[in-house]
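Geometric and topological summary
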Amino acid sequence: LVIPKRLITDASALIPADLPLLRKMVDVATQVAEANGVADVPTARASGNLSLGFHRWPFITVQHLHLHLIWPHPARSCIKAWQHPAKNGRMYPSPEMIAEWYCGAKLN
């Protein structure tokens, strides 16, 4: 998990001014993945071997913004695969999706 110091309840509370924070969270997740043996994070994400995502209501269990970094993926159990799918969607959106929805901008 990548957790910012500033208390933000969840991804839906992000505003355009939070785009640098979101970018920093992705940068930290990328550094952690690379430090743990992922040679090419974008390729690993595209192939479904690495997942970056946020939970949305009603799946939020921690009331503090946090970015999931799941690697290696897919998850081993059915429940974990359901909670953290290999492909992002409406209930487990990617940082790029969150940037567009709540910050009104592209992440990169």
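Our subject is the structure that appears above.
The structure displayed is predicted, hence computed values, not measured ones.

Definitions and cut-offs
What you see as residue numbers is a count from 1 along each chain, following the sequence as written. In view of the model being predicted, local features appear only for residues whose pLDDT reaches at least 70, and side-chain atom pairs are presented and counted only at 80 or more, with totals across whole chains, interfaces and linings using the full set of residues. The side-chain quantities take in all heavy atoms of the structure and omit both hydrogens and water. Note on conventions: DSSP H or I runs of at least 4 residues are helices, E runs of at least 2 residues are strands, and numbering of each starts at the N terminus. Each helix should span, by expectation, one fewer than its residue count multiplied by 1.5 Å. Whether a residue is buried, partly exposed or exposed follows from its accessible area with a 1.4 Å probe, protein chains only, as a fraction of its type maximum: under 20%, in between, or over 50%, in that order. Of all possible arcs, the one meant is that of the directions from the helix axis to the C-beta atoms. The contact rule is simple, with two residues in contact once any of their heavy atoms fall within 4.5 Å. A pocket here means an open set of points on a 1 Å grid, computed over the protein atoms alone, that has protein on both sides within 12 Å along at least five of seven lines. A cavity is instead a set of points where a 1.4 Å probe fits but cannot get out; residues with an atom within 4 Å of a point line either one. Grid points are joined across faces, edges and corners, and a volume is the space filled by probe spheres set on the points. For this classification, the nonpolar set comprises Ala, Val, Leu, Ile, Met, Phe, Trp, Tyr, Cys and Pro, the charged set comprises Asp, Glu, Lys and Arg, and every other residue, Gly included, is treated as polar. A pair of aromatic rings is counted whenever rings of Phe, Tyr or Trp (Trp by its six-membered ring) have centres within 6.5 Å, and the orientation is called stacked for planes under 30 degrees apart, edge-to-face for over 60 and tilted otherwise. A pairing counts as a salt bridge when a side-chain nitrogen of Lys or Arg comes within 4 Å of a carboxyl oxygen of Asp or Glu.

Some points on helix α1 (residues 19–35)
Along its 17 residues, α1 runs 24 Å from first to last C-alpha, staying within 8% of the 24 Å computed at 1.5 Å per residue. Along α1, the residues that are buried comprise L19, L22, M25, V26, A29 and A33. The buried residues of α1 occupy one face: seen down the axis, they fall within an arc of 120°. What points out from α1, more than 90 degrees from its buried face, is the exposed set P20, Q31 and A35. Of the surrounding elements, those touching the buried residues of α1 are α2 (41–47), β1 (51–53), β2 (68–70) and α4 (95–103). Phi for G37, located one or two positions after α1, is positive at around 100°.

Quick notes on empty space enclosed by the protein
Counted according to the given criterion, the structure contains one cavity of 30 Å³ or more. Approximately 50 Å³ is the volume attributed to the largest cavity. Around the largest cavity, the lining residues are T9, D10, A11, F54, H55, I60, V62, H64, L65 and H66. Along the lines of polarity and charge, the residues of the lining of the largest cavity split into five nonpolar, four polar and one charged.

Considerations on α4
Turning to α4, its buried residues number three or more, namely P95, I98, A99 and C103. Angularly, the buried residues of α4 cover 105° about the axis, an arc narrow enough to put them on a single face. The elements touched by buried residues of α4 are α1, α2 and β1.

Some words on the packing of aromatic side chains
Scanning the model with the defined rule gives one aromatic pair in all. Ring geometry for W101 against Y102: centres 6.2 Å apart, planes inclined by 85°, an arrangement best described as edge-to-face. Relative accessible area serves as the criterion here: at 32%, W101 is assigned to the partly exposed category.

As for the pattern of salt bridges
All told, the structure shown has three salt bridges when counted by the stated rule. Here R6 and D18 are joined by a salt bridge, their closest N and O atoms 2.5 Å apart. In this pair, R6 is assigned in the segment before α1 and D18 in the segment before α1, connecting sequence segments 12 residues apart. Of the residues examined, R6 reaches a relative accessible area of 45% and is grouped as partly exposed. Note that R45 and E96 form a salt bridge whose closest N and O atoms lie 2.8 Å from each other. Taken together, the residues span a long stretch of sequence, with R45 in helix α2 and E96 in helix α4 at a distance of 51 residues.

Brief notes about the environment of V62
As for its position among the elements, V62 is in the loop between β1 and β2. Of the residues examined, V62 reaches a relative accessible area of 43% and is grouped as partly exposed. On a C-alpha basis, the gap between V62 and A29 in space is 19 Å, while along the polypeptide they are 33 residues apart.

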